[in-house]
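Understanding the architecture of this molecule
The chain contents come next:
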Amino acid sequence: MPTLGIDFDFSQIKQRAMDLGATADQIPYIMATTLNMAADSTRSYLIETTWPSSVTVRNRSFMNAALTTKGSRATKGDLTSGRWPAVRRFTLIGF
């Protein structure tokens, strides 16, 4: 499965957070929370907008079940987030 890796230089963000009174150990938590919120927003958009406008939806809960967050949440120690299909093998009838 293709992946996309993005690297950021957070030195300016870290400095700004420090200027606002944050401590250095809060930065990873802030970044993990931000990544998880972005991933959740992307998941919602895919389920509610992209999927229904791209195919004839017969089972409205299919994509909700297929795109899971389990095991793919960012943490303070691992600032990665992603979406992996929960359904590893399935058949799309009509394609």
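Residues numbered from 1 in each chain as written. Predicted model: local features only at pLDDT ≥ 70, side-chain atom pairs only at ≥ 80, totals over all residues. Heavy atoms only, no water.

**Examining the overall build of the protein**
For clarity, the cut-off: Labels follow the DSSP assignment, with helices taken as runs of H or I lasting at least four residues and strands as runs of E lasting at least two, numbered in each case from the N terminus. The contact criterion used is simple: two residues touch if any of their non-hydrogen atoms lie within 4.5 Å.
Secondary structure assignment for the protein yields three helices and two strands. For the protein, the α and β elements follow one another from N to C terminus as α-α-α-β-β. For the protein, long-range pairs separated by at least 24 residues make up 46% of all intrachain contacts whose partners lie at least 6 apart in sequence.

**Brief notes about the environment of Arg60**
To be explicit about the condition: Buried, partly exposed and exposed residues are distinguished by accessible area as a fraction of the type maximum, computed with a 1.4 Å probe on protein chains only: under 20%, between the cut-offs, and over 50%, respectively.
With respect to the helices and strands, Arg60 occurs in the loop between α2 (27–54) and α3 (62–66). Judged by relative accessible area, which is 65%, Arg60 ranks as exposed.

**Describing the environment of Leu79**
Mapped onto the fold, Leu79 is located in the loop between β1 (67–68) and β2 (84–85). Residue Leu79 is classed as partly exposed on the basis of its relative accessible area, which comes to 40%. Put simply, Leu79 and Thr34 are 45 residues apart on the chain and 9.9 Å apart in space, counted from C-alpha to C-alpha. Setting aside chain neighbours within four positions, we find Leu79 in contact with Pro28, Met31, Ala32, Leu35 and Ala74.

**Some points on the pattern of salt bridges**
Worth spelling out the cut-off: The working definition used for a salt bridge is a side-chain nitrogen of Lys or Arg within 4 Å of a carboxyl oxygen of Asp or Glu.
Inspection of every chain in the model, using the stated rule, returns one salt bridge. A salt bridge links Asp40 to Arg73, with the shortest nitrogen-to-oxygen separation between them at 2.8 Å. Note that Asp40 is positioned in helix α2 and Arg73 in the loop between β1 and β2, a separation of 33 residues in sequence. For Asp40, a relative accessible area of 29% gives the class partly exposed.

**Concerning the confidence of the model for the protein**
Put simply, the rule reads: A residue's pLDDT is the confidence the predictor assigns to it, expressed on a 0 to 100 scale.
Per-residue pLDDT for the protein has a mean of 77; in total, 81% of the residues score no lower than 70. Here residues 90–95 scores under 50 on pLDDT; set against residues more than four positions off or in separate chains, the count is two contacts.

**Section: α2**
This is how the line gets drawn: Take the number of residues in a helix, subtract one, and multiply by 1.5 Å to get its expected span. The term bend refers to the angle at a residue between two fitted axes, each drawn through seven residues, those ending there and those starting there.
Over its 28 residues, α2 runs 38 Å from end to end, which matches the ideal 40 Å to within 8%, given 1.5 Å per residue. Where α2 bends most, the angle comes to about 40°, and this point is Leu46. Residues Ile27, Met31, Ala32, Asn36, Ala39, Arg43 and Ile47 constitute the buried set of α2. Elements that come into contact with the buried residues of α2 comprise α1 (11–19), α3 and β1.

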